[in-house]
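The lines below spell out each chain.
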Amino acid sequence: RGRGAAGGGGGGSGGGGGGESSPLPQVLRLSLAEGTALSWLRWPLLASMRVSVPAARRPSFMVCFGDLTGARRKMRMENRYLGYVCLVDPSGVVRWHVHSSEPPTEAATEALRALLPRVGLLPFRRRRKRHRLPKIVVPALLDALAALLDADQSGGPDPPGGGGRKGEARQPSEVASASDFDEEELILLDLLHAPAESYLHSLATVLSRVESLSHVLAWAAYDDTAALGQPDAITQDELRIVSLPRLKLTFQALMVDNSVRLYSVDHADLFITNERSETESAMLEAIPHSLLLSNSNSECSVLVCAWPPCRPQIESVPFSTSLVLDRSDVKWAGNLEHPYYMYPVHVSRVILYTTTLASALYLLLLRFLGRRYKEVVRLVDTVGSDAALSREEDQILQFLSCEKNSPDSHPDASACRLKISLVLLDAPLQLPWDISLEMADYLFRLEHVSADCLLTPEEELTLLKRCICDVADKRCSTEAGHTPLGIALCKNRRTALRARAAAGLGRHFSVSNIAALENGGGERPPCCTVELPKRAAEGRTRWVHAWHPTVLEETPEGLEGMLEELVMRFKRERAYYLEGMMALLMFLNQKSAPSARRFSIPTGGFLTLYCLFTNSTPCRPGLVGGFFAPSCSASFASLLLSFLELDEPTLLSSILLSLARCPSLGKLLPEFVDTRVTKRRDLYSGVPTPEEPQTPLATLLRGVMAEMHAAAAEASPARTEVLRAMQRRRVNVLTKERMWGGFGGGAYGGQSGGGGVGGELGSGLVDLLPEDGHRALQEGDMQPRGAALCCAL
């Protein structure tokens, strides 16, 4: 049998009026007689109750018969054998109930009414308005009343009112459990609208590196007395826990040395730190979505979220390294085993360890998209595998050539893709690129590949076995991008490397060999056969301007006639550095420049490009490894060639087009030397004047035309002398590059460092020009053939 008491009327607010006078609640007693047997005995029971219930209580005493399970459940009366006292407001809502057989007496109600003004009901009213649940407000009010009674009994001061849960952050040893947070009242912080220069703003800045603020849950201890609208309402002392549900990460705020640290709940003794050295900042520069974690022993780890990084194509910044994280890719997230990767940091603070193949592939992806090709080469060995890749690992590998990323045609990028292909040759997978196309691009720009990214001859031969080296190969397809030129490059390279391997030669053919060949001694390299691809039809050339043989057909009389009218303005630069190269390009791109200042042959365009092609005006893009990078003057001159109007077939345009088609020719021709007596003016004329009897421009043009005519002519003593002069210039250039180049010391297959295949041009020129010098210029093929040719064009 259950019993209940309910109070209504004006006292239903539970003393919410503080010290205001309110009538006592009305008392209603209710007896619940459940069960079928009791229903049959209704009248005898009622008669018995009339005898036992005093006459004063009979008007407010009621008895209910029947099945009352639903009513008891709504009133939370689980125990049928205990009495309940319920406080009901005028609208019929139960505000409070407790196990008891009698309602509070008038004396107890008066005593409670006297205590309420001392508690301070404003915080409870705020909490009541916010929570709208009496099960939270009423227990807190009772706790405050109990603390007040304890203070009265002990004779101490009244405790602070409000019943708030404000406190200090836990110490590191006080690791909180789920039950601790269930007992403590927390408030969710709004990080998105955090005031600037506040603690919440700094917290949001740190966490936004790894996750969107809409998925960051920061909880702090709730303080009823704090003005939550103020910027300093929440400090780091109130912060309790930060949860990132999508990343499955949780951080707990712990007090250490009078400062609060966010310790990882998932990784023991690791907390977020912003203290980093210059080397650590440089290491994390290309990983913007990362957090640096440290432990008590100052050992660091880097937490990197496994979002798909996209490098969008920006027209104004062609070599951009900016990354955009696609956090909405559901398919990518579904293939991940873990939503983040942990990379321990080496004690030197410059190297990241990779613990799994997936983490190594993701780090390699970030380095590749950041155009850090040398670091990619160092990481290649960590991703080698001969087993099938998991879905997570395969999607990271395929993302290297994803359409979401801007295409990367850098020579070092081709070398990196080939390096990755080499370590994954034995794995049963489909690479995201065509090895034949990548090898053709690599060989076509071999001399521009940096020394750290170059493939060894053994690596090239291994990859060339998988490449298409014959147009009759069934894998050859024009739709896939295979071209006769690319196939010929792969085939000739394979032939040359096999010849070198058969002869037991090393990587380089040194300058001393060239000097020995010039004196008639020394052993020539082995011979091999190369193939030239079929030329494209006239009018279908991909070059910016069509080459014309005016330089080989011009007569001395025609040259003298041109010199009489030739006047050129030119101011020579000793060298172009990166800032100067960018400034020159910006000037040339100005569309509103006056005609007198436009880049043309009369305004110094010819001499500027000629000095760049001959490397007498070197281009230094910057420092690499503490040394100046190789001069890129020929490439820069080819880029500037598009600013000139070369539609008319003249002698000067023919010379520049010949140098652009065959950059190696520039180091064989004479340099421009200013032999004037008075060098105050920037004007150069083709004929001598009384003021300037010396004509360096005419001397240069006569010498260039005479040497090119002799090199393309039949065998004669004059031709031999000219070729030897060209050869000596080349040897001098190689010697200077090896002595003062400061980089590479003879890179494989390039002009950087003065060694490699380019160093054999002088000796190979003697074999090239006797029969078909004119054809070689016309086809853009001035590279030596036979044993001196490792990269046939």
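A quick note: this is a predicted structure, and the numbers were derived from the prediction, not measured.

Chemist: Any chance you could explain the overall build of the protein chain here in plain terms?
Modeler: Scanning the protein chain from terminus to terminus reveals 27 helices and 22 strands. Across the 793 residues in the protein chain, those meeting the buried criterion constitute 45%. Within the protein chain, contacts between residues separated by at least 24 positions form 66% of all contacts whose residues are at least 6 apart in sequence. Of the roughly 41400 Å² that the protein chain leaves accessible, carbon and sulfur atoms contribute 54%.

Chemist: Looking at this structure, I do not really get the pattern of salt bridges. What am I missing?
Modeler: Once their charged atoms are close, side chains differing in charge can pair, the charge on each being opposite to the other. This structure, assessed with the given rule, holds 24 salt bridges. Of the charged contacts, one joins arginine 729 and glutamate 707 as a salt bridge, the two residues approaching to 2.6 Å between their closest N and O atoms. Pair noted here: arginine 729 is in helix H26 (residues 717-740) and glutamate 707 is in helix H25 (residues 696-712), with a separation of 22 residues, a long-range link. Connected via shared salt-bridge partners are Glu285, Arg367, Arg372 and Glu375.

Chemist: I tried to follow unusual backbone geometry on my own but got confused; where do I start?
Modeler: With the exception of glycine, the majority of residues adopt a negative phi angle, and the majority of peptide bonds are in the trans configuration. Its identity is not glycine, yet asparagine 258 carries a phi of approximately 60 degrees, on the positive side. By the secondary structure assignment, asparagine 258 is in the loop between strand S9 (249-256) and strand S10 (259-264). For asparagine 258, a relative accessible area of 75% gives the class exposed. In this model, asparagine 615 sits at a positive phi of 65 degrees, which is unusual for a non-glycine residue. Under the relative-accessibility criterion, asparagine 615 is labelled partly exposed at 23%.

Chemist: What exactly am I supposed to notice about the nonpolar core here?
Modeler: For soluble globular proteins, nonpolar side chains are generally found buried alongside one another. Grouped together as the largest cluster of nonpolar side chains are 63 residues, with contacts concentrated most on Tyr362, Met439 and Tyr442. Per-element tally for this core: the top contributor is helix H11 (residues 357-369), with 10 residues. Setting aside residues up to four positions removed in sequence, methionine 439 forms contacts with Leu418, Glu460, Leu463, Leu464, Cys467 and Cys490. In terms of nonpolar packing, the next biggest core, distinct from the first, is built from 55 residues, Met581, Ile655, Cys662 and Leu723 among them.

Chemist: What is the right way to look at the packing of helix H22 (residues 601-613) against helix H23 (residues 633-640) in this model?
Modeler: The description of two packed helices rests on the angle between their axes and on the distance between the axes. It is the contact of H22 with H23, at a shortest axis distance of 7 Å, that shows an interaxial angle of 150 degrees. When the interaxial angle is binned, H22 and H23 end up roughly antiparallel. The way H22 lies across H23 gives a crossing that is left-handed. Judged by residue contacts, Leu609, Leu612 and Phe613 of H22 engage Ser633, Ala634, Phe636, Ala637, Ser638 and Leu640 from H23. Residues that form the contact of H22 with H23 fall into these classes: seven nonpolar, two polar and no charged.

Chemist: Just to check I follow, could you spell out helix H21 (residues 578-588) for this structure?
Modeler: The periodicity of an α-helix, 3.6 residues per turn, causes residues three or four places apart in sequence to face the same way. Met581, Leu584, Leu585 and Leu588 are the residues of H21 that are buried. Down the axis, H21 shows its buried residues gathered within 100 degrees of arc, on one side only. Exposed residues lying more than 90 degrees from the buried face of H21 are Glu579 and Met586. Those residues of H21 that are buried lie in contact with strand S18 (576-577), strand S19 (619-620) and H23.

Chemist: Explain the pairing of strand S8 (residues 239-244) to me, please; I cannot follow it from the model alone.
Modeler: Along S8, six of the six residues are buried, which leaves the element largely enclosed by surrounding structure. Inspection of the sheet shows S8 paired to S9 by four bridges, in the antiparallel sense. Paired with leucine 244 across the bridge in S9 is leucine 249. Turn length for the S8-S9 hairpin, with the two strands adjacent in sequence and antiparallel, is four residues, and the turn residue lysine 248 shows positive phi of about 60 degrees.

Chemist: Just to check I follow, could you spell out the packing of aromatic side chains for this structure?
Modeler: Any pair of aromatic rings gets described here by the distance separating the centres and the angle formed by the planes. All chains considered together, the criterion is met by 10 aromatic pairs. For the pair phenylalanine 570 and phenylalanine 672, a centre-to-centre distance of 6.1 Å together with 80 degrees between the ring planes defines the contact as edge-to-face. You can see phenylalanine 570 sitting in the loop between strand S17 (567-569) and S18 and its partner phenylalanine 672 sitting in the loop between helix H24 (651-661) and strand S22 (683-685), a full 102 residues away along the chain. Like phenylalanine 672, phenylalanine 570 is buried.

Chemist: Explanation requested: the side chain of glutamate 392 in the structure shown.
Modeler: Tracing the chain through its elements places glutamate 392 in helix H13 (residues 391-398). Lacking a salt bridge, the buried glutamate 392 has arginine 391 as its closest oppositely charged neighbour, with an N-O distance of 8.9 Å. Within the structure, glutamate 392 has its side chain in polar contact with the backbone nitrogen of glutamate 337 (distance 3.3 Å). Excluding residues within four positions of it along the chain, glutamate 392 makes contact with Asn335, Leu336, Glu337, His338, Tyr341 and Ala358.

Chemist: How should I be thinking about the environment of glutamate 671 in this particular structure?
Modeler: If you trace the backbone, glutamate 671 turns up in the loop between H24 and S22. Taking the C-alpha atoms as reference points, glutamate 671 and phenylalanine 613, 58 residues apart in sequence, are found 9.7 Å from one another. With near-sequence residues (within four places) excluded, glutamate 671 lies in contact with Thr614, Ser616 and Leu700.

Chemist: In this structure, what is going on with the environment of valine 551? I would like to understand it.
Modeler: You can see valine 551 is positioned in helix H19 (residues 550-553). Beyond its immediate chain neighbours, meaning those up to four positions away, valine 551 contacts Leu651, Ser654, Ile655, Ser658, Met705, Met708 and His709.

Chemist: For this particular structure, what's the right way to read the packing of helix H20 (residues 556-565) against H25?
Modeler: Direction vectors running N to C along H20 and H25 enclose 160 degrees, while the axes themselves pass 11 Å from each other. With respect to H25, the axis of H20 lies roughly antiparallel. In this structure, H20 meets H25 at a crossing whose hand is right-handed. Between H20 and H25, the contacting residues are Pro556, Leu559, Glu560, Met562 and Leu563 on the first element and Ala698, Leu701, Arg702 and Met705 on the second. Residue composition of the contact of H20 with H25, by class: seven nonpolar, no polar and two charged.

Chemist: Would you take a moment to explain the confidence of the model for the protein chain for this structure?
Modeler: When pLDDT drops low, the exact placement of atoms in the prediction is not to be read closely. Mean pLDDT over the protein chain works out to 79, with 78% of the residues at or above the 70 mark. Here residues 1-20 is a poorly scored stretch, pLDDT under 50, and it has 58 contacts once near neighbours within four places are set aside; other chains count. Here residues 742-793 scores under 50 on pLDDT; set against residues more than four positions off or in separate chains, the count is 140 contacts.

Reading the values: rules and limits
- Residues numbered from 1 in each chain as written.
- Predicted model: local features only at pLDDT ≥ 70, side-chain atom pairs only at ≥ 80, totals over all residues.
- Heavy atoms only, no water.
- Helix = DSSP H or I, 4+ residues; strand = E, 2+ residues; numbered from the N terminus.
- Buried < 20%, exposed > 50% of the residue type's maximum accessible area, 1.4 Å probe, protein only.
- Contact = heavy atoms within 4.5 Å.
- Areas by Shrake-Rupley, 256 points an atom, 1.4 Å probe, with all protein chains shown as cover.
- Salt bridge = Lys/Arg side-chain N within 4 Å of Asp/Glu carboxyl O.
- Core = buried A, V, L, I, M, F, W, Y, C linked by side-chain atoms within 4.5 Å.
- Axes fitted to C-alpha atoms, helices over the stretch in contact; angles between N-to-C directions.
- Parallel < 35°, antiparallel > 145°, perpendicular 65-115°, else oblique.
- Left-handed = near helix turned anticlockwise from the far one by under 90°.
- Nonpolar A, V, L, I, M, F, W, Y, C, P; charged D, E, K, R; others polar.
- Arc of directions from axis to C-beta.
- Pairing = 2+ DSSP bridges.
- Phe/Tyr/Trp six-rings, centres within 6.5 Å; stacked < 30°, edge-to-face > 60°.
- Lys, Arg positive; Asp, Glu negative; His and termini not counted.
- Polar contact = N/O pair within 3.5 Å; in protein donor to acceptor, adjacent residues only side chain to side chain.
- pLDDT = per-residue confidence, 0-100.

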